[in-house]
Amino acid sequence: MIRKYLMVLAVTLLYVISFIGFATAASPKEEKTAYVANFNYTPASQAAPGSGGVTFAIGNVNYQSNSKTLWFSAPQFDNLDRGIKDDLSELLIAKGFSVRGPFDSYDLIPYSDKKAIDLYLVTAAELSITYKDPKAAPGGIASWTYTGNIEVNGKIHLGLKEIVTGELMWSKSIPFTKFEFPYSVPNQRTFDYNTFPYNLVMNDVAKGIEKQYPDLMATFWKLIDPEEMGIIKKQCQELKTKKGY
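Here the structure is a predicted model, which is why all the values come from computation and not from measurement.

A word on the overall build of the protein chain
At step 1: Tallying secondary structure elements over the protein chain gives five helices and six strands in all.
At step 2: Here the protein chain holds 245 residues, and 37% of them are scored as buried.
At step 3: Nonlocal contacts in the protein chain, meaning residues at least 24 apart in sequence, comprise 77% of its contacts between residues at least 6 apart.
At step 4: Of the roughly 13,800 Å² of accessible surface on the protein chain, a fraction of 55% belongs to carbon and sulfur atoms.

Here's what the structure looks like:
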């Protein structure tokens, strides 16, 4: 009788030890830490200050998502907003243009600045994250592991508006290069927004976009042509005259 009791106790202890060991291995400390990406771009060359003959204002960045979750609001992207505004400002100055701002909104641009500004630069960043091939499999004693693949897509959009009328004069969209990576979530049998550890996913998403960011900005560098911006400036002046400004 005592031997039988000891055997049951031993099995129970093994079960508890195995469960604790699995839980510890499935929840490493680094998985809970957000990787805060850095977004930096250095212009390819530097034109003479003011040689472009056009003055820009930098507006806020609008963030968009393919779901109710605003992916860019994750802590991994804390540096993105400032990075985009600073790099666009540096890019325009390096092209020889003058820059006012950034401004938190159009309404906060002083009238004295509006008189000097030709084009208002608006930016939108769109991020699409799709969960693919989800499945659950036993991951240990009384536990499951939820696996699948993540597909990441998106784009950055630039628009130039005439500062007074708000008329869109020029726009370009540069897509991210789509990429995928696998994910594995321990102690989860089905997808649950309330318990899903997004750091497992968003860290890899942020690293992928961080890697592409300099190339995206380099593409905008090529697209923003001083001669074309001079033509658009004249069109803006004609538009304001036509509208009675």
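Picking up where we left off.
Some points on the side chain of Gln212
At step 1: Within the secondary structure layout, Gln212 lies in helix H4 (residues 198–223).
At step 2: The exposure class assigned to Gln212 is buried, which follows from its relative accessible area of 13%.
At step 3: Within the structure, the side chain of Gln212 is placed 2.7 Å from the backbone nitrogen of Thr177, a separation counted as a polar contact.
At step 4: Beyond its immediate stretch of four places on either side in the chain, Gln212 contacts Phe176, Thr177 and Phe179.

With respect to the confidence of the model for the protein chain
At step 1: Summarising the model, the protein chain shows a mean pLDDT of 84, and 84% of its residues fall at 70 or more.
At step 2: Counted against residues more than four places away or in other chains, residues 4–31, with its pLDDT under 50, gives 15 contacts.

Concerning helix H5 (residues 226–243)
At step 1: Along its 18 residues, H5 runs 26 Å from first to last C-alpha, staying within 8% of the 26 Å computed at 1.5 Å per residue.
At step 2: Two to three positions downstream of the cap, the backbone nitrogen of Glu227 sits 3.0 Å from a side-chain oxygen, assigning the N-cap of H5 to Asp225.
At step 3: One or two steps after H5, the chain reaches Gly244, where phi turns positive at roughly 90°.

Some words on the nonpolar core
At step 1: Formed by 52 residues in total, the largest nonpolar core has its most connected members in Phe77, Leu127, Val205, Ile209 and Met229.
At step 2: Secondary structure elements with two or more residues in this core: strand S1 (55–65), helix H2 (80–94), strand S3 (119–140), strand S4 (143–162), strand S5 (168–175), strand S6 (179–186), H4 and H5.
At step 3: Looking at this core element by element, the count peaks at eleven residues for H4.
At step 4: Those residues in contact with Leu127 that lie beyond four places of it in its chain are Gln64, Ser65, Asn66, Trp71, Phe72, Phe77, Val152, Asn153, Gly154, Phe176, Val205 and Ile209.
At step 5: Ala57, Ile117, Tyr120 and Ile163 belong to the second-largest nonpolar core, a separate cluster that totals six residues.

Points about the packing of aromatic side chains
The geometry of an aromatic ring pair is captured by two quantities: the separation of the ring centres and the angle between the planes.
At step 1: Following the criterion strictly, the structure yields nine aromatic pairs and no others.
At step 2: Considering the side-chain rings of Tyr63 and Phe72, the 5.5 Å spacing of their centres and the 55° angle between planes classify their relative orientation as tilted.
At step 3: Residue classification places Tyr63 among the partly exposed positions, given a relative accessible area of 22%.
At step 4: Take Phe72: its relative accessible area is 7%, and that puts it in the buried class.
At step 5: For the pair Phe179 and Phe181, a centre-to-centre distance of 6.5 Å together with 25° between the ring planes defines the contact as stacked.
At step 6: In this arrangement the basic side chain of Lys95 is found over the ring face of Trp221, its NZ or CZ atom lying 4.3 Å from the centre.
At step 7: Just above the ring of Tyr35 sits the side chain of Lys207; from NZ or CZ to the centre is 5.0 Å.

Section: the pairing of S1
At step 1: As defined by bridge partners, S1 adjoins strand S2 (residues 98–100) across three bridges and the pair is classed as parallel. Looking at S2, one finds that Thr55 is bridged to Ser98.
At step 2: Running through H2, the crossover from S1 to the neighbouring parallel element S2 is right-handed.

Considerations on the pairing of S4
At step 1: As paired strands, S4 and S6 are joined by eight bridges and run antiparallel to one another. Paired with Tyr146 across the bridge in S6 is Val185.
At step 2: Connecting S4 to the next strand, S5, in antiparallel fashion are five residues, including Gly166 with a positive phi near 75°.

Considerations on the environment of Pro102
At step 1: Along the chain, Pro102 falls in the loop between S2 and helix H3 (111–114).
At step 2: Note on Pro102: relative accessible area 34%, which makes it partly exposed.
At step 3: A sequence separation of 13 residues divides Pro102 from Ser89, and the C-alpha atoms of the two residues are 8.1 Å apart.
At step 4: Setting aside residues no more than four positions away along its own chain, Pro102 makes contact with Ile58, Arg82 and Lys85.

Conventions we followed
- Residues numbered from 1 in each chain as written.
- Predicted model: local features only at pLDDT ≥ 70, side-chain atom pairs only at ≥ 80, totals over all residues.
- Heavy atoms only, no water.
- Helix = DSSP H or I, 4+ residues; strand = E, 2+ residues; numbered from the N terminus.
- Buried < 20%, exposed > 50% of the residue type's maximum accessible area, 1.4 Å probe, protein only.
- Contact = heavy atoms within 4.5 Å.
- Areas by Shrake-Rupley, 256 points an atom, 1.4 Å probe, with all protein chains shown as cover.
- Polar contact = N/O pair within 3.5 Å; in protein donor to acceptor, adjacent residues only side chain to side chain.
- pLDDT = per-residue confidence, 0-100.
- Expected span 1.5 Å × (residues − 1).
- Core = buried A, V, L, I, M, F, W, Y, C linked by side-chain atoms within 4.5 Å.
- Phe/Tyr/Trp six-rings, centres within 6.5 Å; stacked < 30°, edge-to-face > 60°.
- Lys NZ or Arg CZ within 6 Å of the ring centre and 35° of its normal.
- Pairing = 2+ DSSP bridges.
- Right-handed = clockwise from strand over helix to strand, strands pointing away.

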